[in-house]
Amino acid sequence: MMPDEAPVPATASPGPHGVRDEADAPRPLHGVRVLDLSRVLAGPWASQILADYGADVIKVERPGTGDDTRTWGPPWWEPDATGGQRQSAYFICANRGKRSVAIDFAQPAGVESVRALARQADVLIENFKAGHLARYGLDAASLQALNPRLIYCSITGYGQNGPLAHKAGYDFAIQAEGGLMSITGEPDGEPQKVGVAVTDLMTGVYAATAILAALHERQRTGRGRVLDVALFDVQVAMLANQASNQLVGQRTPRRMGNAHPNIVPYQAFPTRDGHLVLAVGNDGQFQRFCEVAGHPEVAYDVRFATNPARVAHRAELVPRIAEWTRTRDTADWVQRLDAAGVPCAPILDIAQVMSHPQVRARGMVLDGDAQRPPMVAHPVCFDGQRPTAHRPPPVLGGDQAVWR
């Protein structure tokens, strides 16, 4: 189904990987309409990915207040383009490329408006509690009866069934109950969450890939799908090698700080002026590291020559390496180890990352202007160009004509 809006011409000069050359930017989902009833992060993250890929995303928000994250500030951005309506930095991070309509679907007229939009949609994304939308006739069964081609994606905390299906899902709580916090933090410290809402973000990515798979399948079947995406399920899947360690080894993983349960040396080490991340992935890299450190003989010690041996003798090796790394500055280590092909990195803060030469060379920062806030670009390139949506995050209810 083709969106009813005309293409928006480019308004900025070309940048690296085409991130600002909207007229020629890749739009592989052009013609796909997404009805986004979600708010906060997991659902909006998924719909922003689809918007970046060229889909026409219509964000349905509560009249007056809109998406919860519109008020999650400071910091704020107050653009000229919105007549001074400020937007929180949090809202900006997940709502690029969308149109906004304000509809109260607790009222009959609002329900009919959403149903009218759903008839013309290819995809619907919602993140209400399991069963909540059924009371308004906006559940998957009701809307697919109107539009059998509709791909209906429900994002919840714990899924559509099971003893916890009724619970709301919050990233922090899911990181706790899903095991991530039990393996994050120092061994003798308290459990820690990750510094961004990583479960929400990964849930958004999983939802987006499932939607793309369903769109592909629909070309053959002509019918939509009902997608059940749960933050808890995603968090369990994200345990990856740690879950496998438990299932195979029957030994419960614990917090190890920055150390890795299966690889040594693979952690942060002190330097003369800070810290260095050393990420040795094989025995050859370890040999080269020892050579750069001035201790080539250690790589041939039977206790350290292979990764299984190094894991077994972690307590002996790690303090020795820490003594070596303290003798040089971080930049010196990075220069020498990069030249030797040993994976390593300095630990940068967010300000340093946003000004990083690699970030700038790759066009990962979209500089703001009077009409658009500064944003981080879409991370994937299509034939050398980034499919970043041309629309800035929308004004609440700024596109009411979409459904009237």
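All chains use their own residue numbering, which begins from 1 and follows the written sequence. With the structure being a predicted model, the display of local features is reserved for residues of pLDDT at least 70 and the display and counting of side-chain atom pairs for 80 or more, all residues being used for whole-chain, interface and lining totals. Each side-chain value is worked out from all heavy atoms of the structure, with water and hydrogens disregarded.

Chemist: Just give me the short version of the sheet that holds strand β9 (residues 266-270), but keep the residues and values in it.
Modeler: Read across the sheet, three strands follow the order β9-β10-β11 without closing on themselves; strand pairing throughout is antiparallel. The sheet terminates laterally at β9 and β11 (344-346), the two strands that pair on one side only. On average, each strand axis in the sheet is inclined to that of its neighbour by 25 degrees, with strand direction left out of account. A pair of strands is labelled paired if DSSP reports no fewer than 2 bridges between them. Here a strand is any run of E in DSSP of at least two residues, a helix any run of H or I of at least four, and the numbering for each starts at the N terminus. With three bridges connecting them, strand β10 (residues 275-279) and β11 associate as antiparallel partners. Bridged to Leu276 within β11 is Pro346. Every axis corresponds to a line fitted to the C-alpha atoms, with the helix fit spanning only the stretch in contact, and the corresponding angles, defined between N-to-C directions, vary from 0 to 180 degrees.

Chemist: Pulling in residues and values, what's your account of the nonpolar core?
Modeler: Ranked by internal contacts, the top residues of the largest apolar core, which has 28 residues, are Val34, Leu50, Ile125, Cys153, Ile155 and Ile211. Not counting residues up to four positions away in its chain, the partners in contact with Val34 are Leu50, Ala55, Asp56, Val57, Ile58, Val123 and Ile125. In terms of nonpolar packing, the next biggest core, distinct from the first, is built from 23 residues, Leu276, Val298, Ile321 and Trp324 among them. Nonpolar core, defined: a set of buried Ala, Val, Leu, Ile, Met, Phe, Trp, Tyr and Cys residues in which side-chain atoms within 4.5 Å join the residues together. Per-residue accessibility, obtained with a 1.4 Å probe over protein chains only, is compared with the maximum for each type, and a residue is labelled buried under 20%, exposed over 50%, and partly exposed between these values. Any two residues having at least one pair of non-hydrogen atoms within 4.5 Å are treated as being in contact.

Chemist: Describe a nonpolar patch on the surface, naming the residues involved and giving the relevant values.
Modeler: A contiguous nonpolar surface patch, about 230 Å² in accessible area, is contributed by Met202, Val205 and Tyr206. Mapped onto the secondary structure, Val205 falls in helix α6 (residues 198-221). Only residues whose relative accessible area exceeds 30% and that form no salt bridge enter a patch; like-charged residues are grouped when within 9 Å of one another, and nonpolar side chains (Val, Leu, Ile, Met, Phe, Trp, Tyr) when within 5 Å. Here the Shrake-Rupley method, with its probe set to 1.4 Å, supplies the accessible areas, and only the displayed protein chains count as covering residues. The term salt bridge refers to a side-chain nitrogen of Lys or Arg lying within 4 Å of a carboxyl oxygen of Asp or Glu.

Chemist: Residues and numbers for the pairing of strand β6 (residues 123-126), please.
Modeler: Both faces of β6 are covered, namely the face carrying Val123 and Ile125 and the face carrying Leu124 and Glu126. For strand β1 (residues 33-36) and β6, the ladder comprises three bridges, and the chain directions are parallel. Looking at β6, one finds that Asp36 is bridged to Ile125. As paired elements, β6 and strand β7 (residues 151-156) share four bridges and run parallel to each other. Each bridged residue has a counterpart across the sheet, and for Leu124 the counterpart in β7 is Tyr152. The parallel pair β6 and β7, bridged by helix α4 (residues 140-146), forms a crossover whose chirality is right-handed. We call a crossover right-handed when, viewed with the strands running away from us, the connection from the first strand over the helix to the second turns clockwise.

Chemist: Describe the pattern of salt bridges, and please don't skip the residues or the numbers.
Modeler: All told, the structure shown has 18 salt bridges when counted by the stated rule. In this structure, Asp36 engages Lys98 in a salt bridge whose closest nitrogen and oxygen atoms are separated by 3.7 Å. Remark: Lys98 occurs in strand β5 (residues 98-102) and Asp36 occurs in strand β1; sequence separation between them is 62 residues. The same class applies to Asp36 as to Lys98, namely buried. Between Arg96 and Asp52 there is a salt bridge, with the nearest N and O atoms lying 2.8 Å from each other. Linking Arg96 in the loop between α2 (89-94) and β5 with Asp52 in helix α1 (residues 42-52), this pair joins segments that are 44 residues apart in sequence. Of the two residues, Arg96 and Asp52, both sit in the buried class.

Chemist: Lay out the pairing of β9 in plain terms, naming residues and giving numbers.
Modeler: Judged from the five bridges that link them, β9 and β10 form a sheet pairing that is antiparallel. Bridge assignment links Gln267 to a residue of β10, and that residue is Leu278. Hairpin connection from β9 to β10: four residues lie between these consecutive antiparallel strands.

Chemist: Outline the sheet that holds β7, supporting the account with residue identities and numerical values.
Modeler: In space, the six strands of this open sheet follow the order β5-β2-β1-β6-β7-β8, with parallel pairing throughout. If you trace the sheet from one side to the other, it starts and ends with β5 and β8 (226-230), each paired once. Geometrically, the sheet is characterised by an average inter-axis angle of 20 degrees between neighbouring strands, direction not taken into account. Where α6 meets the sheet, its contacts fall on β6, β7 and β8, and the angle it forms with β7 comes to roughly 165 degrees.

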